[in-house]
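Summary of structural features
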Amino acid sequence: MLLAAAAQAPHTPSASYDPDPPSDGMGQRMRRRASIVLPIAIHRLRINVLTARWQLLSILLLALCGLSLLFSLRSYQKSRASYSADLTEHAIDCEPAKIHMYLQVQQALDRAPEPLWVLAPGTREEFGSCALVRGHFGATVIASREKSNPFLLDVAWGSMTQIVGVMGGLLAILLSADALSSGRQEGSLQMMLSEPVARWQVLIGEYLGGLFATALPLFLMWLVVLLVFGLHPDLGLDQTTSPILAVMFLLSLSYVSICVLAGLLISTRTSEPATSMTAGLLVWVLMCFVVPDSAVAIARYLRPVENLADLTARDVLAAISFGPKKDDGIPPEVKADNLRRRFDQTGLAAGLEMVSPLASYRQSCETLAGTDIMGHRRWLESVRRLEDDFVRWQKAKIRMYPQRVNHYLDDPPLDLDGLPRGAFSPQTLRSRASRVILPAAVLAVFNLLVFYLSYVSVVRYDPRFR
Amino acid sequence: MSQIREVIAWTVLRNLHDLRLLLLGAGCIALLVGGTVMSIIEYSGRIEETRRLVSLAEQQKSLESVKIVRPPPPLSFIRDGGESKRSRFLIVLPDFVDYPMADVSSHSFLSRGQMLDWAFVVSRFFSLIIILGLYDFISGEKTTGTLRLLCSMPVPRGTVLVGGTAGSVISIAPFLMVGALCSLLLVIVDGRISVGPEEWIRILVFLMLSLLYLTCVASLVMLISSMFSHPGASLFACLFVWVAFSLIIPGAAALGAPVLAPVPSTAEFQKQIEGADMRLNASVTVSSIPLSEIIDRADFSDEQKRVAVAALQDRWKRQHEDALVRFKREVLQFRETYLSQLQNQQRLADKIALLSPASTFEQAAEAVAGAGSAYERRFYAAALQYMRAYTPVAEKLREELRSHAKVSGPRVWEGEFELQGISSISYDDVPFDRRTLPRFQGYVASLTTDLGEGLARVAYMALVALGSLATALHSFSRYDVR
């Protein structure tokens with residue numbers, strides 16, 4: 001099959017054949033090279049698309065994409081409804097007619113759900129999305145509008161980015177893993193290499209064919225996402241969302257490109273398609289599960305952090321009430337130190353798991369969607385700023401009106417001038433783009449590295465030995 | 001019988017001559033050992049945490065609640081069962097056992113990853129070896145044309161299938177045993193995990209379970225191989241089925257369970273609590289009007305007024321304490337319903353996941369290892385038993401020490417007379433001899449109960465294996481060599 005593709009390349013039967021004669025210009029050379037690479041790529045694409053495995057996996061990918069969007073949209077709509085209800089409730093609680101003493105005054109800071117959370121949920125609301133600040137009169141309560149079931153384990157592929165990462169990667173590896181090994185087994189690879197086709201052209205042709213075959217269902221998936229975002233009333237395409245969706249698509253292409261190249265590398269090192277497909281699957285399991293989970297375990301071992309909740313044995317009634325809680329007895333500096341160490345631990349795990357391209361891809365999508373751990377850190381910093389402003393305001397008012405601290409008086413109305421309001425705005429596009437540079441660069445480096453390794457492997461292949 | 005032995009021997013030799021299988025097998029041994037090392041490290045951290053929690057729990061014991069700490073399962077290297085994300089303790093109150101859901105602000109930011117335990121390695125990696133060894137057993141012979149020759153021999157087709165399946169599992173078994181033995185050697189030499197006779201039985205049962213699971217996989221691969229005429233197609237089909245069983249079905253179960261068995265949202269649950277709170281507040285409101293009416297009575301002497309005020313205080317006290325009891329009961333009822341709905345959702349997810357033999361195997365491994373949700377359930381049952389002993393003792397002590405309880409509530413006063421409502425009574429800081437409270441004896445795992453729970457899964461896997469082999473035989477026996 002490779003032989004047929006190579007045979008379509010222009011063939012000069014002269015005795016001293018020079019593929020790039022010095023008299024030719026750059027444009028002519030590029031055209032000549034493309035005319036060799038493209039038939040190989042198109043041939044590989046045709047083979048892939050006509051196989052049952054591509055059709056089956058593509059249908060599966062699209063079905064999972066549809067299901068994921070359905071579940072994610074449902075969850076997003078629930079979040080938005082909860083957020084709106086909370087905003088209304090907090091606004092009512094702050095009405096001057098309801099507040100008669102400074103003890104009653106509290107401020108809330110809610111983190112609004114963003115449309116891109118549908119694609120990359122990340123941490124989302126898991127660690128807190130609503131803060132009730134009491135300032136001088138009690139500890140700040142951080143709660144989550146929606147909590148996941150603690151008895152259910154996490155799902156490896158529930159969101160769009162996870163599906164692209166896990167299933168898209170699988171498709172890419174399985175399609176490309178036997179690209180060259182099948183030719184080797186049949187003997188056609190040796191025949192093809194005897195033709196005047198440079199080995200790197202064969203490699204690029206196979207790579208492009210595999211990439212196009214994988215990109216086709218990906219493109220359809222992202223088209224569906226675009227349609228959903230464009231048509232759904234709760235989402236929408238604006239000047240922040242549209243470029244981010246485009247970048248996410250490019251990142252997913254970059255990621256599957258690594259998987260295609262990994263499959264080709266395996267294919268160049270094995271002589272049987274069965275071995276290369278199984279090795280490809282092993283690499284996929286290592287990349288998707290073993291490396292990320294090991295990174296978490298190593299980070300927990302190197303940077304242990306105690307669970308503060310274990311230090312208290314609070315009454316269940318107080319624990320489940322959403323209202324202001326009695327003090328849990330843990331000093332604020334201990335809590336602050338614990339939080340800092342948790343961020344350090346997470347940073348270490350994120351760094352370690354970048355060894356897996358899937359983790360880099362997932363991190364970059366979460367950064368763009370604002371659901372990475374830094375998004376939560378920004379929100380906590382906003383809560384802290386609100387706490388500081390609120391305490392300063394409270395102290396000033398208590399100095400001015402000491403008798404209104406905890407005595408209920410209808411008249412005169414409580415002086416609420418200068419009451420600081422909490423506000424948290426989503427990250428700007430520029431800020432997200434600057435933070436996505438590192439994981440995107442890691443993906444680019446992986447691409448180059450795996451391509452180089454495949455190139456070296458193909459170039460060193462000796463057709464005399466199978 | 002001798003024919004089956006010959007087929008088995010041939011299959012075993014074929015597999016053992018395959019360098020790919022040997023390398024994969026060696027890799028699996030490395031994974032088993034590596035996973036065990038990680039488990040040992042994790043386990044020692046958990047033991048430290050448990051000691052600290054037990055010491056804290058002893059200090060924090062009160063007449064309001066007692067914390068009972070769940071020790072980490074020692075055989076978590078066989079099956080971890082999501083131990084890192086499970087709560088390490090339960091809170092026992094009079095008439096209630098609570099599963100604490102800590103404030104989200106104190107959660108670890110790290111994802112709840114899967115541990116590289118034995119069950120994971122067997123269900124993901126060893127099954128891949130089986131697939132690689134067996135995918136072309138029938139389809140490969142069809143392509144090369146040697147199947148005709150085989151069918152012309154006086155060997156029943158069933159013998160070929162059964163022998164091939166058994167041979168494949170037998171050729172994998174040494175890798176599993178070597179990996180298990182090396183890991184166990186590490187565990188024994190390290191000494192942090194004590195392995196007694198009961199643990200040895202569990203390990204042995206797990207190894208038998210693994211062989212049964214691998215037989216189940218081998219039967220399915222044999223079935224697929226007999227259905228396809230090209231080895232490439234049968235390999236792809238096997239890998240697709242592997243992905244479906246390892247990933248898609250368990251994931252679909254976890255996603256589908258919340259849809260099929262929805263649980264009230266956090267906001268709805270909080271609204272229920274707030275409703276009960278409002279009803280309590282309405283019941284314990286105090287007003288100065290009754291006090292004023294008594295004070296303003298001209299026909300009452302000072303002594304009579306004092307008596308009337310004391311009677312009013314007593315009446316309020318009884319009403320408010322009854323309201324508090326009703327409030328607590330209501331809130332605990334909501335809590336119990338909420339927890340049971342969450343657990344039902346998890347049980348439903350487990351049941352749906354049983355469609356996959358890999359999940360069935362992992363659940364059985366959890367039961368046999370005494371870890372995961374099976375262990376959590378039985379610990380909860382032990383906590384309930386403790387609660388039944390704790391409740392009468394705590395309530396008796398509360399009656400005796402009522403005067404020391406911290407009572408808070410709104411006050412009204414007029415002149416020298418004061419009345420207090422009761423909105424909460426707390427025994428948290430009441431001093432008493434903690435030794436008078438019953439001691440939690442700890443949870444002793446029951447080997448027979450754990451093995452019994454795993455047995456049901458065993459029957460299912462055996463059924464899948466037999467069914468696949470029977471279907472493969474049916475398919476193969478209909479193959480026309482002409």
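These lines cover the structure that appears in this document, whether it is placed above or below. (Residues numbered from 1 in each chain as written. Chains lettered and ligands numbered in written order. Predicted model: local features only at pLDDT ≥ 70, side-chain atom pairs only at ≥ 80, totals over all residues. Heavy atoms only, no water.)

Looking at the overall build of chain B
Within chain B, the regular secondary structure consists of 14 helices and seven strands. Relative to the 2.2 N^0.38 estimate, which gives 23 Å for 482 residues, the radius of gyration of chain B is 32 Å and therefore markedly larger than a compact globule would have. Its C-alpha atoms put chain B at 120 × 45 × 35 Å along the principal axes. When burial is assessed residue by residue, chain B has 52% of its 482 residues classed as buried. Relative to all contacts within chain B whose residues are 6 or more apart in sequence, the contacts with residues 24 or more apart total 83%. Carbon and sulfur atoms make up 62% of the accessible area of chain B, which amounts to about 21,300 Å² in all. (Helix = DSSP H or I, 4+ residues; strand = E, 2+ residues; numbered from the N terminus. Rg over C-alpha atoms; globule rule 2.2 N^0.38 Å. Buried < 20%, exposed > 50% of the residue type's maximum accessible area, 1.4 Å probe, protein only. Contact = heavy atoms within 4.5 Å. Areas by Shrake-Rupley, 256 points an atom, 1.4 Å probe, with all protein chains shown as cover.)

Focus: the overall build of chain A
Counting its secondary structure elements, chain A contains 14 helices and three strands. In chain A, buried positions account for 52% of the 466 residues. Partitioning the intrachain contacts of chain A with sequence separation of at least 6 by distance along the chain shows that 82% fall at a separation of at least 24. Carbon and sulfur atoms provide 63% of the accessible area of chain A, an area that totals close to 20,400 Å².

Structural notes on the side chain of Ser39(B)
Structurally, the position occupied by Ser39(B) is in helix α2 (residues 19–60). The contacts of Ser39(B), once residues within four sequence positions are left out, are Ser76(B), Phe77(B) and Met115(B).

A closer look at the nonpolar core
Leu119(A), Met167(A), Trp222(A), Trp284(A), Phe126(B) and Phe206(B) are the most contacted members of the largest nonpolar core, which totals 152 residues. When residues in this core are grouped by element, the largest group, 14 residues, is from helix α8 (residues 241–269) of chain A. Once residues lying within four places of it in the same chain are set aside, the contact partners of Met167(A) are Leu60(A), Leu61(A), Leu64(A), Gln162(A), Val243(B), Leu247(B) and Ile248(B). Core analysis: the next-biggest nonpolar cluster, separate from the first, contains 41 residues, Val284(B), Phe327(B), Ala382(B) and Ala405(B) among them. (Core = buried A, V, L, I, M, F, W, Y, C linked by side-chain atoms within 4.5 Å.)

Digging into the interface of chain A and chain B
Counting from both sides, the interface comprises 74 residues of chain A and, opposite them, 75 residues of chain B. A combined buried area of about 7,100 Å² lies between chain A and chain B, and 68% of that area is made up of carbon and sulfur atoms. A salt bridge links Glu42(B) to Arg300(A), with the nearest nitrogen and oxygen atoms 3.6 Å apart. Run the count over chain A and chain B and you get zero residue pairs in polar contact (both at pLDDT 80 or more). (Buried area = accessible area lost by both parts, 1.4 Å probe. Salt bridge = Lys/Arg side-chain N within 4 Å of Asp/Glu carboxyl O. Polar contact = N/O pair within 3.5 Å; in protein donor to acceptor, adjacent residues only side chain to side chain.)

Topic: the pairing of strand β2 (residues 89–93) of chain B
Residue and element names in this part refer to chain B. Within β2, five of the five residues are buried, which leaves it mostly tucked inside the rest of the structure. Across the two faces of β2 the burial is the same, with Phe89, Ile91 and Leu93 and Leu90 and Val92 all buried. As defined by bridge partners, β2 adjoins strand β3 (residues 96–98) across three bridges and the pair is classed as antiparallel. Bridge pairing in β3 places Val92 opposite Val97. (Pairing = 2+ DSSP bridges.)

Comments concerning unusual backbone geometry
Residues and elements named next belong to chain B. The backbone phi angle of Asp95 is positive, close to 70°, even though this residue is not glycine. If you trace the backbone, Asp95 turns up in the loop between β2 and β3. Asp95 sits in the exposed class, given a relative accessible area of 56%.

Quick notes on the sheet that holds β2(B)
Residue and element names in this part refer to chain B. The antiparallel open sheet is built from three strands, whose spatial order is β1-β2-β3. Edge positions in the sheet fall to β1 (66–69) and β3, since each of these pairs with one other strand and no more. In this sheet, neighbouring strand axes are inclined to one another by 30° on average, regardless of whether the strands run parallel or antiparallel. Judged from the four bridges that link them, β1 and β2 form a sheet pairing that is antiparallel. Looking across to β2, one finds that Ile68 is bridged to Leu90. (Axes fitted to C-alpha atoms, helices over the stretch in contact; angles between N-to-C directions.)

Details of the environment of Ser87(B)
Residue and element names in this part refer to chain B. Along the chain, Ser87 falls in the loop between β1 and β2. Of the residues examined, Ser87 reaches a relative accessible area of 15% and is grouped as buried. A C-alpha to C-alpha distance of 19 Å links Ser87 and Thr337, two positions 250 residues apart in sequence. Contact partners of Ser87, with chain neighbours within four places excluded, come to Arg70, Tyr99, Pro100 and Glu376.

Thoughts on helix α12 (residues 357–369) of chain A
Residues and elements named next belong to chain A. Look at α12: 18 Å from first C-alpha to last across 13 residues, which is about the 18 Å you get at 1.5 Å a residue. Burial analysis of α12 places twelve of its 13 residues in the buried class, the great majority of the element. Among all positions of α12, only Pro357, Leu358, Ala359, Ser360, Tyr361, Gln363, Ser364, Cys365, Glu366, Thr367, Leu368 and Ala369 are buried. For α12, the elements touching its buried residues are α4 (160–176), α7 (199–231), α8, α9 (273–302), α11 (332–353) and α14 (429–459). Immediately downstream of α12, the backbone of Gly370 shows phi near 80°, a positive value. (Expected span 1.5 Å × (residues − 1).)

Re the pattern of salt bridges
Residues and elements named next belong to chain B. Per the counting criterion, the structure on display carries 37 salt bridges over all chains. The partner of Arg14 in a salt bridge is Asp136, with the nearest N and O atoms 3.8 Å apart. Remark: Asp136 occurs in the loop between α3 (118–134) and α4 (139–144) and Arg14 occurs in helix α1 (residues 2–16); sequence separation between them is 122 residues. On the basis of relative accessibility, which here comes to 26%, the residue Arg14 falls in the partly exposed class. Using a relative accessible area of 21% as the deciding quantity, one classes Asp136 as partly exposed. For the salt bridge of Arg297 with Asp299, the shortest nitrogen-to-oxygen distance reads 2.9 Å. Asp299 gets classed as exposed once you look at its relative accessible area, which sits at 51%. Three or more residues are tied together by salt bridges with common partners; here these are Arg79, Asp117, Arg124, Glu362 and Glu366.

Considering the packing of α11(A) against helix α13 (residues 373–400) of chain A
Residues and elements named next belong to chain A. One way to put it is that α11 packs onto α13 with a least axis distance of 11 Å and a crossing angle of 165°. By the angle between their directions, the pair α11 and α13 is classed as roughly antiparallel. Regarding α11 and α13, the two cross each other, and that crossing is left-handed. Where α11 abuts α13, its residues Leu339, Phe343 and Thr346 lie against Ile373, His376, Arg377, Leu380 and Arg384. Here the contact of α11 with α13 is composed, by residue class, of four nonpolar, two polar and two charged. (Parallel < 35°, antiparallel > 145°, perpendicular 65-115°, else oblique. Left-handed = near helix turned anticlockwise from the far one by under 90°. Nonpolar A, V, L, I, M, F, W, Y, C, P; charged D, E, K, R; others polar.)

A closer look at the packing of aromatic side chains
Taken as a whole and judged by the stated rule, the model has 17 aromatic pairs over all chains. Summarising the aromatic geometry, the rings of Trp284(A) and Trp242(B) are spaced 6.3 Å apart at their centres and angled 65° between planes, so their arrangement reads as edge-to-face. Taken together, the residues Trp284(A) in helix α9 and Trp242(B) in helix α8 (residues 231–260) connect one chain to another. Neither Trp284(A) nor Trp242(B) differs from the other in exposure class; each is buried. Centre to centre, the rings of Phe120(B) and Phe125(B) are 6.2 Å apart; their planes meet at 70°, and the pair counts as edge-to-face. (Phe/Tyr/Trp six-rings, centres within 6.5 Å; stacked < 30°, edge-to-face > 60°.)

Regarding the environment of Ala323(B)
Following the sequence through the fold, Ala323(B) ends up in helix α11 (residues 302–353). Residue contacts for Ala323(B): discarding those within four places in its chain leaves Leu280(B), Ser283(B) and Val284(B).

Observations concerning a nonpolar patch on the surface
Residues and elements named next belong to chain A. On the surface, a cluster of nonpolar side chains totalling about 480 Å² of accessible area is made up of Leu62, Phe219, Leu220, Leu223, Leu226 and Leu237. The leading source of residues in the nonpolar patch is α7, at four residues. On the basis of relative accessibility, which here comes to 39%, the residue Leu220 falls in the partly exposed class. (Patch = residues over 30% accessible without salt bridge, like charges linked within 9 Å, V, L, I, M, F, W, Y side chains within 5 Å.)

Considerations on the packing of helix α3 (residues 52–93) of chain A against α4(A)
For any two helices packed against each other, the geometry comes down to the angle between their axes and how far apart the axes lie. Residues and elements named next belong to chain A. Following both chains from N to C, one finds α3 and α4 inclined at 180°, their axes separated by 10 Å at the closest point. It follows from the interaxial angle that α3 and α4 lie roughly antiparallel. Within the contact between the two elements, α3 uses Arg53, Trp54, Leu57, Ser58, Leu60, Leu61, Leu64, Cys65 and Ser68 and α4 uses Met160, Ile163, Met167, Gly168, Leu171, Leu174 and Leu175. A breakdown of the residues in the contact of α3 with α4 according to their chemical character gives twelve nonpolar, three polar and one charged.

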